[in-house]
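Listed below, chain by chain, are the residues.
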Amino acid sequence: MNENMDCCGDFEENKYVSDKKFAVENPARMCQPMGALQAIMGLKNAMPLIHGSQGCATYMRFQLIRHFREPIEVSSSALNEKTVIYGGENNLLNALKNVSEKQDPEIICIMSSCLTETIGDDIEGIISKFEDANIGMKLPELVSVSTPSFSGSHIEGYDKAVFELVRHLGRPNVPNNKINLIMGNLSPGDVSEVKKLMEDLNVSSIILTDTSLNLDAPLEEDTLDLHKYGTTIKEIEDTPNSKATISLSKHVDSAGKFLEKNFDVKCFSENLPVGIKNTDKFVKNICEAMNIEVPKKVERDRGRLCDVLVDAHSYNYRKKVAIFGDPDMVIGIANFVSEMGMLPEVLCIGMKSERFLDDVKKLSKEINYNPIILEDSDLFDLENVLDDHKVDILFGNAYGASIADKNNIPLYRVGFPIFDRIGAQRISLLGYTGGIKFVDEVTNMIIDYYYDFEGYKLDEEEEIIFEDNPIKEKNV
Ligand code: SF4
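Residues numbered from 1 in each chain as written. Predicted model: local features only at pLDDT ≥ 70, side-chain atom pairs only at ≥ 80, totals over all residues. Heavy atoms only, no water.

In the annotation of an unreviewed UniProt entry, the protein chain is listed under the name Nitrogenase molybdenum-iron protein beta chain and assigned to bioreactor metagenome.

1. Structural notes on the site of the ligand
Condition: Proximity criterion: a residue is near a molecule or strand once any of its heavy atoms comes within 4 Å of it. The nonpolar class holds Ala, Val, Leu, Ile, Met, Phe, Trp, Tyr, Cys and Pro. Asp, Glu, Lys and Arg form the charged class, and all remaining residues, Gly among them, are polar.
In the vicinity of the ligand, the contacting residues are Cys31, Pro33, Cys56, Tyr59, Ser113, Cys114 and Ser149. Partitioned by chemical class, the residues of the shell around the ligand number five nonpolar, two polar and no charged.

2. Observations concerning empty space enclosed by the protein
Inclusion rule: With a 1 Å grid laid over protein atoms only, a set of points is called a cavity when a 1.4 Å probe fits there but cannot get out and a pocket when it is open yet has protein on both sides within 12 Å along at least five of seven lines; lining residues have an atom within 4 Å of a point. Grid points are joined across faces, edges and corners, and a volume is the space filled by probe spheres set on the points. For helices the rule is a DSSP run of H or I covering at least 4 residues; for strands it is a run of E covering at least 2, with both sets numbered from the N terminus onward.
All chains considered together, the criterion is met by three cavities of 30 Å³ or more. Space inside the largest cavity adds up to approximately 410 Å³. Lining the largest cavity are 33 residues, and of these Asn185, Asp326, Met329, Gly415 and Phe416 lie nearest its centre. If you list the elements that add at least two residues to the lining of the largest cavity, you get helix H3 (54–68), helix H8 (154–169), strand E9 (320–325) and helix H14 (327–339). Per-class residue counts for the lining of the largest cavity are 18 nonpolar, eleven polar and four charged.

3. What to know about the sheet that holds strand E11 (residues 372–374)
So the rule is basically this: For two strands to be treated as a pair, DSSP must find no fewer than two bridges joining them. For helices, the axis comes from a line fit to the C-alpha atoms of the stretch in contact; other axes are also lines fit to C-alpha atoms, and the angle between any two N-to-C directions lies between 0 and 180 degrees. Any two residues whose heavy atoms approach within 4.5 Å are treated as being in contact.
Read from one edge of the open sheet, five strands run E11-E10-E9-E12-E13, paired in parallel fashion. The outermost strands of the open sheet, each flanked by one partner alone, are E11 and strand E13 (411–413). Going across the sheet, the axis of each strand differs from the next one's by a mean of 20 degrees, ignoring polarity. Here strand E12 (residues 393–396) pairs with E13 via three bridges, running parallel. Directly across from Leu394, in E13, lies its bridge partner Leu411. Most of the contacts of helix H15 (residues 354–367) go to strand E10 (residues 343–349), to which it runs at about 175 degrees, and overall it touches E10 and E11.

4. Some points on unusual backbone geometry
In this structure, Thr209 follows Leu208 across a cis peptide bond, with omega equal to -5 degrees. Here Thr209 lies in the loop between strand E6 (205–208) and helix H10 (233–237). The peptide bond linking Phe416 to Pro417 adopts the cis configuration, its omega dihedral lying at 0 degrees. Tracing the chain through its elements places Pro417 in the loop between E13 and helix H18 (431–450). We note that Asn291 has phi near 60 degrees; this positive angle belongs to a residue other than glycine. The topology assignment puts Asn291 in the loop between helix H12 (275–290) and helix H13 (296–316).

What follows is the structure, encoded as structure tokens:
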């Protein structure tokens, strides 16, 4: 039994409730069109168009460029004071004409913003007007995604974008013997890990959507162009013909459920394949859907991950962890660090989620440890909780750097955005081989902080201090 159970009794009471503030301070989530944008970045020859003010598109471009360090194109209907009062129809019609003529994309994805959702612009209606005015012309596919940021986060944005793409473009035809994989807001490095695992399993897939080459691209002279790689329209058209859909994140499975309901394509919605248990589940689902055995190479990589967990165990054992970010990533890492022998002490997400709470409950039972849960919270709450609950390492995006600094603990950077380090697009922890890299990096971080150069623990004295602390004593 741990201190949290002692203090708070049961799981439900471990939810942290802030009673001190009336606004979000340093949110643990991003805006809704930003998530949709990340899904569209994984399409080939696509142009995203934000129907809103210039500021929205500029903000998103800025965040994406400083995270991925790649040129990012985001067009805007550039509403101003006048169009806010009289409606943005003409601006959107002009934007559709300009983007179609000047950039000639295969698809334009139009996302609404807080502004256009508030004034109530009918984007579907405006698109129909544009198509009617251009009958006989070769137009790109036009897909609209409703993304009011005041009623959801980037996670809902990603989910809605993939759903709308599949709903608009999916065409039932002959079976293709493939698996649809809905990625969620993963780094291009993680998308590459999943693609490699699929290759090792010898299974063909349709990746929804594939950012691996677009957002980790080679240096080229032609910097501002449409993305040359990624998921094609033909592949999305083919999704109703696949054997199954696997949503890697539970919160982005709307397209999978749509395909299951309308085209009988079985949908698996599981935890992120992070760590042994969740990667096993992912591999098992694929093998079941395709009726195949697990190949030797995959078994070998699993064995290597088990080996590194054993090698690293003595360093990580009972180290306390705080994690903030997207619910799927937070619970995925919480499961993985538990397999590493660590204790998930504080879990913080920026949205409400029953599925997340259920998963934390399951994990608490398995490891007999109740994390403190910050649901629909922000980094202000996280900072306050960490004042009273000391942890040894923090996992989250670059906004956690000042919290880690204040607590004198290391920050393992994961999630979005990461603008204070190079290589955010190559961070990967999914699958067995991504997991090996993750355990190596986390353990070396722990060794750097808590061990001297000869391998002796630096905090021996601190453990003596712990004995004076009645709360810590219960946990020893
Ligand atoms: S106004 Fe809304 S849509 Fe625009 S950047 Fe801000 S939160 Fe996002």
